[in-house]
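Observations on the three-dimensional arrangement
Read off the chains here:
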Amino acid sequence: MRPDAWHGPVDADARAAVARLLAGAQHGVVAIVEAGHPVLRHPAEPYTGQVGDLLPALLDVMRATMRAAPGVGLAAPQIGLPLAIAVLEDPGLPAGMEAAADERERTVLPPRVLVNPSYERVGHEDRAFYEGCLSVPGYQGVVRRPRSVRLRGQDADGRELDEVLTGWPARIVQHETDHLAGVLYVDSVETRSLSTNEMYARAWAGEATPRAAAGALGFRLDS
Ligand code: ZN
């Protein structure tokens, strides 16, 4: 981490909010804000250096909180901070679920940081799969998204990002970037697909998803 990567002024209020968050962490983990909290429904502020020297510690807490949940992404508003920062990491599906991983194009995504991300669709293909959100605990639902997107923004050191992602990594990037715009997956979920975590694990987490779910639960995949 280069300390001079961000040139904007430190915002005393934002830095103090992060300091409070870090002080309240238990084993490096903080509470996740749940749907109904306004911070999840407002666009996050572009990150320009507001938290100053606390950025590395903030990213550590975000990663630890994501891993403890466990989840494959966490946006700063999900811990109550309205800043355009997200962390991602996907270890992939466990052994024995190769077919489900292939179906989802779910590959291992090493830890990474997105700052001020944006994305745009690449190509015309969509994919519909179950996904969930740490801020909407207890449920999973089918969301149709572009299969490939072009990601732009910065990394933790302020370096510019411009790359095309496909499959599950593209889905994670879209989900987390949407958080930074005040958008939750439930805004575009196929409502008839909604399943509790227990039912999802029992019925739709494997190869059966999502076409069998569409037939069994009464929704269309192609509209
Ligand atoms: Zn989420």
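As a reminder, the structure under discussion sits directly above these lines.
In this report, we go over the structure that sits alongside the text. Predicted model, so just to flag it, every value in this text is computed and none were measured. (Residues numbered from 1 in each chain as written. Predicted model: local features only at pLDDT ≥ 70, side-chain atom pairs only at ≥ 80, totals over all residues. Heavy atoms only, no water.)

Moving on, we get to the overall build of the protein chain. The helix and strand inventory of the protein chain stands at six helices and six strands. Counting from the amino terminus, helix and strand elements in the protein chain follow one another as α-α-β-β-α-β-β-β-α-β-α-α. Scaling as 2.2 N^0.38, a compact globule of 223 residues should have a C-alpha radius of gyration of about 17 Å, and the protein chain matches this with 18 Å. Here the C-alpha coordinates of the protein chain stretch approximately 55 × 35 × 35 Å along the principal axes. Each of the 223 residues in the protein chain was classed as buried or not, and the buried ones make up 45%. Look at the contacts in the protein chain between residues 6 or more apart in sequence, and 72% of them connect residues 24 or more apart. (Helix = DSSP H or I, 4+ residues; strand = E, 2+ residues; numbered from the N terminus. Rg over C-alpha atoms; globule rule 2.2 N^0.38 Å. Buried < 20%, exposed > 50% of the residue type's maximum accessible area, 1.4 Å probe, protein only. Contact = heavy atoms within 4.5 Å.)

Every protein donor of the zinc ion is listed here as Cys 133 (SG), His 175 (NE2) and His 179 (NE2), and their distances to the metal cover 2.0 to 2.2 Å. Spacing between the donor residues of the zinc ion along the chain follows C-x41-H-x3-H. Here His 175 pairs with His 179, and both are found in helix H4 (residues 168–179), just four residues apart, close to one helical turn. When its relative accessible area of 1% is taken as the criterion, His 179 is described as buried. (Donors = N, O, S within 2.8 Å, 3.2 Å for Na, K, Ca; no water.)

A few words on the nonpolar core. Ranked by size, the top nonpolar core spans 25 residues in total, and within it Tyr 47, Leu 55, Leu 58, Leu 59, Met 62, Ile 79 and Ile 85 carry the most contacts. Breaking this core down by element, the ones donating at least two residues are helix H1 (12–23), helix H2 (55–68), strand E2 (85–90) and strand E3 (109–131). Broken down by element, the residue count for this core peaks at six residues, all from H2. Not counting residues up to four positions away in its chain, the partners in contact with Ile 85 are Tyr 47, Leu 55, Leu 58, Leu 59, Met 62, Leu 74, Ala 75, Ala 76, Val 113, Leu 114 and Leu 180. (Core = buried A, V, L, I, M, F, W, Y, C linked by side-chain atoms within 4.5 Å.)

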